[in-house]
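One letter stands for each residue in the lines below.
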Amino acid sequence: MSNFEEAFKKIVDEEAEKRMRQGIKQGIIQVAKQKIKNNFTEEQIELTTNLSKKEIEKLKLQVV
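Residues numbered from 1 in each chain as written. Predicted model: local features only at pLDDT ≥ 70, side-chain atom pairs only at ≥ 80, totals over all residues. Heavy atoms only, no water.

Caption draft 1: Highlighting the packing of aromatic side chains. One pass over the structure, following the stated rule, counts one aromatic pair. Where Phe4 meets Phe8, the ring centres are 6.3 Å apart and the plane angle is 20°; that geometry is what we call stacked. Residue Phe4 and its partner Phe8 are both found in helix α1 (residues 3–37); the two are separated by four residues, about one turn of the helix. Neither residue differs from the other here; Phe4 and Phe8 are each classed as exposed. (Phe/Tyr/Trp six-rings, centres within 6.5 Å; stacked < 30°, edge-to-face > 60°. Helix = DSSP H or I, 4+ residues; strand = E, 2+ residues; numbered from the N terminus. Buried < 20%, exposed > 50% of the residue type's maximum accessible area, 1.4 Å probe, protein only.)

Here you go:
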């Protein structure tokens with residue numbers, strides 16, 4: 001494999017990993033929003049989603 005091919009593969013792999021992490025984060029946010037709607041405590045949400053209290057507070061403002 002040439003240097004160009006190796007560099008290209010690395011970039012593609014990094015981009016795929018970045019998108020996967022973003023997708024996982026979006027899934028966690030959706031779960032947290034559902035937990036907020038179902039009156040879970042901040043502590044329960046924090047423990048099960050690994051989101052910070054600040055992130056949870058921001059999500060609470062988005063959930064109506």
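Having seen the model, we can carry on.
Caption draft 2: Quick peek at the environment of Leu51. Its place among the elements puts Leu51 in the loop between α2 (42–49) and α3 (53–62). Ignoring sequence-local partners within four residues, the contact set of Leu51 consists of Lys25, Ile28, Ala32, Glu46, Ile56 and Leu59. (Contact = heavy atoms within 4.5 Å.)

Caption draft 3: Focus on the packing of α1 against α2. At a closest axis distance of 10 Å, the pairing of α1 and α2 adopts a crossing angle of 160°. In terms of orientation, α1 and α2 fall into the roughly antiparallel class. Note that α1 runs across α2; the crossing there is right-handed. Contacts between α1 and α2 pair Ile28, Val31, Ala32, Lys35 and Ile36 from the former with Ile45, Thr48 and Thr49 from the latter. Of the residues assigned to the contact of α1 with α2, the class counts are five nonpolar, two polar and one charged. (Axes fitted to C-alpha atoms, helices over the stretch in contact; angles between N-to-C directions. Parallel < 35°, antiparallel > 145°, perpendicular 65-115°, else oblique. Left-handed = near helix turned anticlockwise from the far one by under 90°. Nonpolar A, V, L, I, M, F, W, Y, C, P; charged D, E, K, R; others polar.)

Caption draft 4: Spotlight on the packing of α1 against α3. Across the interface, α1 lies against α3 with an axial gap of 10 Å and an inter-helix angle of 65°. Considering their axes alone, α1 and α3 lie roughly perpendicular with respect to each other. Crossing geometry of α1 relative to α3 is assigned as right-handed. Mapping the contact onto sequence places Lys25, Ile29, Ala32, Lys33 and Ile36 in α1 and Glu55, Ile56, Leu59, Lys60 and Gln62 in α3. Partitioned by chemical class, the residues of the contact of α1 with α3 number five nonpolar, one polar and four charged.

Caption draft 5: Representation of a nonpolar patch on the surface. A surface patch of nonpolar side chains, amounting to about 350 Å² of accessible area, comprises Phe4, Phe8 and Val12. Counting through the fold element by element, Val12 comes out in helix α1. (Patch = residues over 30% accessible without salt bridge, like charges linked within 9 Å, V, L, I, M, F, W, Y side chains within 5 Å. Areas by Shrake-Rupley, 256 points an atom, 1.4 Å probe, with all protein chains shown as cover. Salt bridge = Lys/Arg side-chain N within 4 Å of Asp/Glu carboxyl O.)

Caption draft 6: Representation of unusual backbone geometry. In this structure, Asn39 is a non-glycine residue whose phi angle is positive, near 60°. Within the secondary structure, Asn39 is located in the loop between α1 and α2. Backbone geometry places Asn50, a non-glycine residue, at a positive phi of 65°. Its place among the elements puts Asn50 in the loop between α2 and α3.

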